[in-house]
Amino acid sequence: MGLQEIEQRIAKAEAAAGRAPGSVRLIAVSKVQPEARVTAVLEEGHRNFGENKVQEAAGKWPDYRQTYGEIELHLIGPLQSNKTRQAVQLFDAIHSLDRPKLAKALARIAHEEGRCPELFVQVNTGEEAQKAGILPAEADRFIADCRGLDLPVRGLMCIPPLEEEPSLHFALLAKIAARNGLEGLSMGMSGDFEKAIALGATHVRVGSAIFGERTAG
């Protein structure tokens, strides 16, 4: 499919939803993609990328930044507490703030480092036992606690259950964000990003539709 087609589809979805052009940020999810594919997207001029693992990102993005200049890097996978400092140093945004222990670690390390990435609270909208994220009923309190730690909470993130209609989960996330005065909505992936844009997504995370299927797990 490729980058240009995804950008065109995003523009059409923005227009259909009555939203301003460019109001949705496309995060190209480059995890476990071959270097040639990532380089090709960089050569096309794209500069917003998402990674799932701190270690993988640390192994490649400093070199890409040296070659291609300013790149906005988003952590969209789970963050282990022992990787927090490295994540704060490397990423511009973290989309997986999902527990009090991590919030406290981020607050402490951000104070020590003198910087903090933009933060998105991950909400487990499907209340799935195997999935990370704050439960919807606990989201308001957790957001308030994060603000009490002076953390720069920009918005919310969700990953809907595979077997359910994603729009229901996108609408729930938007409702939680609105009542907490949050503008950022990180929701929508390769198969459903247009539905997410219709319901207010500000960041969509698209991997396989840009790069092709992943070659590793």
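Please refer to the structure higher up on the page.
Below is a short write-up of the structure.

### Describing the overall build of the protein chain
Thinking step 1. Within the protein chain, the secondary structure is distributed over 9 helices and 8 strands.
Thinking step 2. What you see for the protein chain is a C-alpha radius of gyration of 17 Å, in line with the 17 Å of a compact globule of 217 residues.
Thinking step 3. Overall size of the protein chain, expressed as C-alpha extent along the three principal axes, is 40 × 40 × 30 Å.
Thinking step 4. For the protein chain, the residues scored as buried account for 49% of the 217 residues in total.
Thinking step 5. Counting only contacts in the protein chain whose residues sit at least 6 apart along the sequence, the fraction spanning at least 24 positions is 60%.
Thinking step 6. With the model as given, the accessible surface of the protein chain reaches about 10300 Å², and the carbon-plus-sulfur share is 49%.
Thinking step 7. Each charge class in the protein chain was averaged separately, 26 positive and 29 negative side chains, and the resulting centres sit 3 Å apart.

### A closer look at the side chain of Glu 14
Thinking step 1. Structurally, the position occupied by Glu 14 is in helix 1 (residues 3-16).
Thinking step 2. It turns out Glu 14 is buried and unbridged, and the closest side chain with the opposite charge, Arg 19, is 6.2 Å from it.

### Thoughts on the pattern of salt bridges
Thinking step 1. Using the criterion set out here, one finds 14 salt bridges in the structure.
Thinking step 2. Arg 9 serves as the salt-bridge partner of Glu 194, at 2.8 Å between the closest nitrogen and oxygen. In this pair, Glu 194 sits in helix 8 (residues 193-198) while Arg 9 sits in helix 1, placing the two residues 185 residues apart along the sequence.
Thinking step 3. When the shortest N-O distance is used, the salt bridge between Arg 179 and Asp 140 registers 2.9 Å. Here Arg 179 is found in helix 7 (residues 166-179), whereas its partner Asp 140 is found in helix 6 (residues 136-148), with 39 residues between them in sequence.
Thinking step 4. Note on Arg 179: relative accessible area 46%, which makes it partly exposed.
Thinking step 5. Three or more residues joined by partner-sharing salt bridges are found here, namely Arg 85, Arg 108, Glu 112 and Glu 113.

### Digging into the pairing of strand 5 (residues 118-122)
Thinking step 1. Burial analysis of strand 5 places 4 of its 5 residues in the buried class, which makes it a mostly covered element.
Thinking step 2. Pairing analysis gives 3 bridges linking strand 4 (residues 93-97) to strand 5, with the strands arranged parallel. Across the sheet, Ala 93 pairs through a bridge with Glu 118, a residue of strand 5.
Thinking step 3. Each parallel crossover has a hand, and the one from strand 4 via helix 5 (residues 100-113) to strand 5 is right-handed.
Thinking step 4. Alignment of strand 5 against strand 6 (residues 153-157), held across 4 bridges, turns out to be parallel. Directly across from Val 121, in strand 6, lies its bridge partner Leu 156.
Thinking step 5. A crossover links strand 5 with its parallel partner strand 6, the connecting element being helix 6, and its sense is right-handed.

### Overview of helix 6
Thinking step 1. Here helix 6 spans 19 Å end to end across 13 residues, near enough to the 18 Å set by a 1.5 Å rise per residue.
Thinking step 2. Of the residues making up helix 6, those classed as buried are Pro 136, Ala 139, Phe 142, Ile 143 and Cys 146.
Thinking step 3. Those residues of helix 6 hidden inside the fold are in contact with strand 4, helix 5, strand 5, strand 6 and helix 7.
Thinking step 4. Positive phi shows up at Asp 150, right after helix 6, with a value of about 65°.

Criteria and thresholds
Residues numbered from 1 in each chain as written. Predicted model: local features only at pLDDT ≥ 70, side-chain atom pairs only at ≥ 80, totals over all residues. Heavy atoms only, no water. Helix = DSSP H or I, 4+ residues; strand = E, 2+ residues; numbered from the N terminus. Rg over C-alpha atoms; globule rule 2.2 N^0.38 Å. Buried < 20%, exposed > 50% of the residue type's maximum accessible area, 1.4 Å probe, protein only. Contact = heavy atoms within 4.5 Å. Areas by Shrake-Rupley, 256 points an atom, 1.4 Å probe, with all protein chains shown as cover. Lys, Arg positive; Asp, Glu negative; His and termini not counted. Charge placed at Lys NZ, Arg CZ, Asp CG, Glu CD. Salt bridge = Lys/Arg side-chain N within 4 Å of Asp/Glu carboxyl O. Pairing = 2+ DSSP bridges. Right-handed = clockwise from strand over helix to strand, strands pointing away. Expected span 1.5 Å × (residues − 1).

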